[in-house]
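Residue strings, one per chain:
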Amino acid sequence: MNNKTYLLTYLITFIGGVLLVVLNSRERLFEALAIIVGIVFLVLGLVSFIGSLNLGRAARQAGAKPNPLFSIVSAGAFALGLLMVIMPDFFVKYLVYAIGVVLIFCGGMQLYNFIPGMRSYGLSGYFLSVPVLSVVAGAVIMILGPDKVLNFLALLCGIVMLVYSLNGLVGYYALNSRMKTKVKDGSEVVDII
């Protein structure tokens, strides 16, 4: 990922966090999220399926043939999306586990990205508390399960996403400003993100 991808990820995470905090008391919020994810799977599955069958002229001239495995996977994504739209209640508990995995993954990625350059860029050790808390929140969600965390999950995830994205944005700008300072000094520049 390049630096702009990280910035975009943090901005999208911030917007998602704000929405979860604002909408946390809405009844059937997670069923609506399951339906939205289902629609995404429907659209991507359909587009991929059509794309797998319809090769471009250059690909056909080069001797390429449609990949049946790709068509099967695309049809499976479409079927999963259809099921998520038809039966969102069934997928809510899996969505909760998916949120836990995403929190663990995001915290881990932020630790992976910022630990190597912390000393050289003057970042405080306290900066790492937010990704650690993200990993812990994801682990708690995974351990407790959907039945125990569903009532406060939207608020918890929204707050964690907001803090995570703000922490990432601060780190992003701190590291970029340090890199610009090193460029002015004539030092060697190393891409840290």
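Structure report, in brief. (Residues numbered from 1 in each chain as written. Predicted model: local features only at pLDDT ≥ 70, side-chain atom pairs only at ≥ 80, totals over all residues. Heavy atoms only, no water.)

Observations regarding the overall build of the chain
Logical step 1: For the chain, the helix and strand inventory stands at eight helices and zero strands.
Logical step 2: What you see in the chain, going N to C, is helices and strands ordered as α-α-α-α-α-α-α-α.
Logical step 3: Within the chain, buried positions represent 36% of all 193 residues.
Logical step 4: The contacts in the chain between residues at least 6 apart in sequence include a share of 78% that link residues at least 24 apart. (Helix = DSSP H or I, 4+ residues; strand = E, 2+ residues; numbered from the N terminus. Buried < 20%, exposed > 50% of the residue type's maximum accessible area, 1.4 Å probe, protein only. Contact = heavy atoms within 4.5 Å.)

What about the environment of Y164?
Logical step 1: With respect to the secondary-structure elements, Y164 resides in helix α8 (residues 146–185).
Logical step 2: For the pair Y164 and P131, spaced 33 residues apart in sequence, the C-alpha separation works out to 6.6 Å.
Logical step 3: Polar contacts involving the side chain of Y164 include one to the main-chain carbonyl oxygen of C106, which spans 3.5 Å. (Polar contact = N/O pair within 3.5 Å; in protein donor to acceptor, adjacent residues only side chain to side chain.)

Here's the deal with the nonpolar core
Logical step 1: In terms of nonpolar packing, the biggest core is built from 18 residues, with F30, I99, L103, I141, L153 and C157 touching the most fellow members.
Logical step 2: Of all the secondary-structure elements, those providing two or more residues to this core are α2 (29–53), α5 (88–114), α7 (129–144) and α8.
Logical step 3: The element best represented in this core is α5, accounting for six residues.
Logical step 4: When neighbours within four sequence positions are excluded, L153 is seen to be in contact with F30, V96, I99 and I141.
Logical step 5: Ranked by size, the runner-up nonpolar core spans 13 residues in total, among them Y6, L111, Y164 and L169. (Core = buried A, V, L, I, M, F, W, Y, C linked by side-chain atoms within 4.5 Å.)

Looking at the packing of α5 against α7
Logical step 1: It is at 7 Å that the axes of α5 and α7 come closest, and there the two elements cross at 160°. Regarding the angle of α5 to α7, the classification is roughly antiparallel. Handedness of the α5/α7 crossing: left-handed. Listed contacts from α7 to V96, Y97, G100, V101, L103, I104, G107, G108, Q110 and L111 of α5 are P131, V132, S134, V135, A137, G138, A139, I141 and M142.
Logical step 2: Class assignment of the residues belonging to the contact of α5 with α7 gives a composition of 13 nonpolar, six polar and no charged. (Axes fitted to C-alpha atoms, helices over the stretch in contact; angles between N-to-C directions. Parallel < 35°, antiparallel > 145°, perpendicular 65-115°, else oblique. Left-handed = near helix turned anticlockwise from the far one by under 90°. Nonpolar A, V, L, I, M, F, W, Y, C, P; charged D, E, K, R; others polar.)

A closer look at the side chain of S71
Logical step 1: Mapping S71 onto the fold places it in helix α4 (residues 68–86).
Logical step 2: Setting aside residues no more than four positions away along its own chain, S71 makes contact with F49, S52 and L53.

Here's the deal with the side chain of E31
Logical step 1: Among the secondary structure elements, E31 is positioned in helix α2.
Logical step 2: Residue E31 is classed as buried on the basis of its relative accessible area of 17%.
Logical step 3: Dropping the residues within four chain positions of it, E31 is found in contact with P88, D89 and V92.

Focus: the packing of aromatic side chains
Logical step 1: Scanning the entire structure with this criterion turns up three aromatic pairs.
Logical step 2: Ring plane angle 90° and centroid distance 5.1 Å describe the contact between F90 and F91, whose orientation is recorded as edge-to-face.
Logical step 3: By relative accessible area, F91 is classed as buried at 11%.
Logical step 4: An aromatic cluster is present here, built from F90, F91 and Y94 joined pairwise through their rings. (Phe/Tyr/Trp six-rings, centres within 6.5 Å; stacked < 30°, edge-to-face > 60°.)

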